[in-house]
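Structure at a glance
Below, each chain spelled out in residue letters.
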Number of protein chains: 2
Amino acid sequence: MDEMKKATREQSKNHNKTLILNSIYTAQTISRADLARETHLTRSTVSEIVSELIEEGLVEEAGLGKSAGGKPPVLLQLIDDARQLIGIDLASGEFRGALVNLRGEIQEWICIPIQEKSGDAAMEDVFTLIDQLVQKATSPIIGIGIGAPGIMDSVRGVVRMAVNLDWRDLPLVEILQDKYTLPVYIANDSQVSALAEYKFGEGEKEDNLLVVKIGRGVGSGIVIGKHLYQGDSFGAGEIGHIKVEEGGIQCRCGNYGCLETRISSRAIRNFAVAIAEENQDSSLYQLKEAKHPITTQDVHEAFLAGEPKIKEFIEDVGAYLGRALSFVVSVLDIHRIVISGSVSMFGNGIIEPALRELRGCALSTIADDVQMVTSSLGEEIVILGAAGMVLHNELGIL
Amino acid sequence: MDEMKKATREQSKNHNKTLILNSIYTAQTISRADLARETHLTRSTVSEIVSELIEEGLVEEAGLGKSAGGKPPVLLQLIDDARQLIGIDLASGEFRGALVNLRGEIQEWICIPIQEKSGDAAMEDVFTLIDQLVQKATSPIIGIGIGAPGIMDSVRGVVRMAVNLDWRDLPLVEILQDKYTLPVYIANDSQVSALAEYKFGEGEKEDNLLVVKIGRGVGSGIVIGKHLYQGDSFGAGEIGHIKVEEGGIQCRCGNYGCLETRISSRAIRNFAVAIAEENQDSSLYQLKEAKHPITTQDVHEAFLAGEPKIKEFIEDVGAYLGRALSFVVSVLDIHRIVISGSVSMFGNGIIEPALRELRGCALSTIADDVQMVTSSLGEEIVILGAAGMVLHNELGIL
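Observations concerning helix H8 (residues 265-278) of chain B
Residues and elements named next belong to chain B.
- Given a rise of 1.5 Å per residue, 14 residues ought to cover 20 Å, and the 20 Å separating the end C-alpha atoms of H8 matches this to within 8%.
- Buried residues of H8: Ser 265, Ala 267, Ile 268, Ala 272, Ile 275 and Ala 276, and no others. Looking down the long axis of H8, one finds its buried residues gathered within 165° of arc, a one-sided arrangement. Across H8 from its buried face, at more than 90 degrees, point the exposed residues Asn 270 and Glu 278.

If you want it as structure tokens, here you go:
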């Protein structure tokens, strides 16, 4: 009974500490009196916890605020660089990692090309990446967050399936915790992208948010009620394999007509090459003739140059995206959709046709308020989301 | 400051009371000592709150439990009939209402056919229904819960759009609260069906649940993390207007090829009539010739009799449902799907082809664990969910 009381008191103290830290994090600067008002905690509890936070080097005093009659209050602020987080993106083709401060600012960035490596060889590269980041750290590291394509069991810390890396039921969290004695968290890369956008993205902070990631693969992450929603088996948001056409092309999942076969960067390059072959005046045709492998960037340039066939084709990409999102919006009724990943470079080239298709396919009461924008977080979105996962799990910062 | 402290103390007391009431509700019978263990509250707080609950007539002592050495503990239990809830289903064609006890047992049931009534005339029927239920009450009524087809703003208490009743931006909650001086709650009928299934349905209580309602309209309700998820504009789960075929039939929403045009009871009757016209040996043909309006029940009988064309057609209904659910499952990754509404009478006739289609269209890592069953709550599902909403909002019972 005493044990339990102690545990309960400990829990409630941690809860109060999280409340206070979140208020300081959000407010930029805030006085102890305002903290008490905001958190509904007593002045003495606030003072005690703030002293702890100052002692731990997480918070500092930052001058005086405006007087409300009496003595001007001492302001408190977060020390942004007090701790570092490691964020890792196990992307196809290359592993990327960074040291990130408490505000999501990237302070060191490393990229390791992994080509076709998989299994143990790929794991060695993960070690190399983390080793290098640990060496470069300038503040205590709180933990390691990892985003990877595939099905990641975030609770057990197990990679259930990462096709590209040929990892199945791999206890990645245990392996890394043993090696680095740091807390480690994993989640699917599209899912952590949603966290990144929620924590560090531009625009108003909505309680519900959908982030679509369109690169080599296609997936999405869903924030519901301020929290990442992962589903019953961590597969929530796997929209890349929604069927968007009868028949269609065979997908790497085995089915036919999946969204991914129409809008992934790979699909875009393949279709663009096919179009180029039939249009010898296309810039892509010249590239192909020069044996230059066509990149998404090349297709984007042809699109910007206004090549009609490419414009038409990108419009179709947007329409397929819009069709799939009409399903998502009918289910979730989420107004804010953010597009990330390399294909987001097409911007309004895909967003406009996507919105048109979405509005033609979903109830207007739901579809009318949908806003679609591209992410401002660029290629680092997965790294930031992975770091954000650590920030949330270790410091309770939402 | 004192005001605030008082408010905080009041809040925390309500929170503790809810904790204790939920434990008693779930446990059937439980001692004060076990309540303290379960809720992590002190014995004296538990005793104080239990005394209040007994005084309010919600809880009673129910004999002695097993001794764990010393004196055998006094057991507590909920008085199931201590209060009544009013649940209302504003279904198309008829309004239904019931008095329900705290366990979701229906104690009085009333149905008013409304034919084509709408606007103020329909509102008069709502009053009549509630008047009659209030008169029949045998315990204090806690509140009124209402489920209706359309978009219901549960926060503002406003019917944003109920096409059949021709209600738009109608402040239904305010109107009824003023008239009956009771708390009133509204939500979409498919959404409250999910609450009903979560609170009173058979099977294990999963944190996440999808309930599909297929009747005159088609919709669904989503429970995420034990709570009803309604989306940014209360339209979450509106899957009846997901596009399941190119072209297709025009839907009452204006679009073409919506799920509703393929699987609603209306759609089933219309298709069955068309099939009957071409098959003079069908039982439906005889009914039609006898000028008998064909009901879903008639189609079901022809299906049970094994009429090949009808069996084939019902298989298609299941496949369209499965296609739409493959989208839903790809987004939500929810394993437990419950089918309700009049069309659920076809049972495995639609569930088997639906599961086949779903598994052919969604990633196997997500689709393999999906289970689909029909609801055991029958026609009362909306009434029960509406009552459950009151139970949750007024007593905090999950």
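Focus: the relation of the copies chain B and chain A
- For the pair chain B and chain A, the relating rotation is 180°, the translation along its axis is 0.0 Å, and the fit reaches an RMSD of 0.0 Å. Here the copies are linked by what is in effect a two-fold axis. Minimal C-alpha distance to the rotation axis in chain B is attained by Phe 327 of chain B, lying at 3.2 Å.
- Of the residues that chain B buries at the interface, 100% are likewise interface residues in chain A, meaning the two copies contact each other through the same surface.

Things to note about the sheet that holds strand S4 (residues 84-90) of chain B
Residues and elements named next belong to chain B.
- Across the sheet, 5 strands lie side by side as S6-S5-S4-S7-S11; this open sheet has mixed pairing. The two strands at the open ends of the sheet, each matched to only one other strand, are strand S6 (106-113) and strand S11 (184-188). Across the sheet, the mean angle separating the axes of adjacent strands is 15° when strand polarity is ignored.
- Judged from the 5 bridges that link them, S4 and strand S7 (residues 141-148) form a sheet pairing that is parallel. Along S7, the bridge assignment pairs Ile 88 with Ile 146.
- Packed onto the sheet, helix H6 (residues 189-200) meets S7 and S11 and runs at close to 105° relative to S11.

With respect to the packing of aromatic side chains
All names here are of chain A.
- Considering all chains together, one arrives at 5 aromatic pairs over all chains under this definition.
- Ring plane angle 35° and centroid distance 5.7 Å describe the contact between Phe 271 and Phe 313, whose orientation is recorded as tilted. Within this pair, whereas Phe 271 is found in helix H8 (residues 265-278), its partner Phe 313 is found in helix H11 (residues 308-332), the two being separated by 42 residues in sequence.
- Residue Phe 271 is classed as partly exposed on the basis of its relative accessible area of 22%.
- By relative accessible area, which is 9% here, Phe 313 ends up buried.
- Relative to Phe 346, the ring of Phe 303 lies with its centre 5.6 Å away and its plane at 75°, an arrangement referred to as edge-to-face. Remark: Phe 346 occurs in the loop between strand S15 (336-340) and helix H12 (348-361) and Phe 303 occurs in helix H10 (residues 296-304); sequence separation between them is 43 residues.

Parameters at a glance
- Residues numbered from 1 in each chain as written.
- Chains lettered and ligands numbered in written order.
- Predicted model: local features only at pLDDT ≥ 70, side-chain atom pairs only at ≥ 80, totals over all residues.
- Heavy atoms only, no water.
- Helix = DSSP H or I, 4+ residues; strand = E, 2+ residues; numbered from the N terminus.
- Expected span 1.5 Å × (residues − 1).
- Buried < 20%, exposed > 50% of the residue type's maximum accessible area, 1.4 Å probe, protein only.
- Arc of directions from axis to C-beta.
- Least-squares fit on C-alpha atoms with pLDDT ≥ 70 in both.
- Contact = heavy atoms within 4.5 Å.
- Pairing = 2+ DSSP bridges.
- Axes fitted to C-alpha atoms, helices over the stretch in contact; angles between N-to-C directions.
- Phe/Tyr/Trp six-rings, centres within 6.5 Å; stacked < 30°, edge-to-face > 60°.

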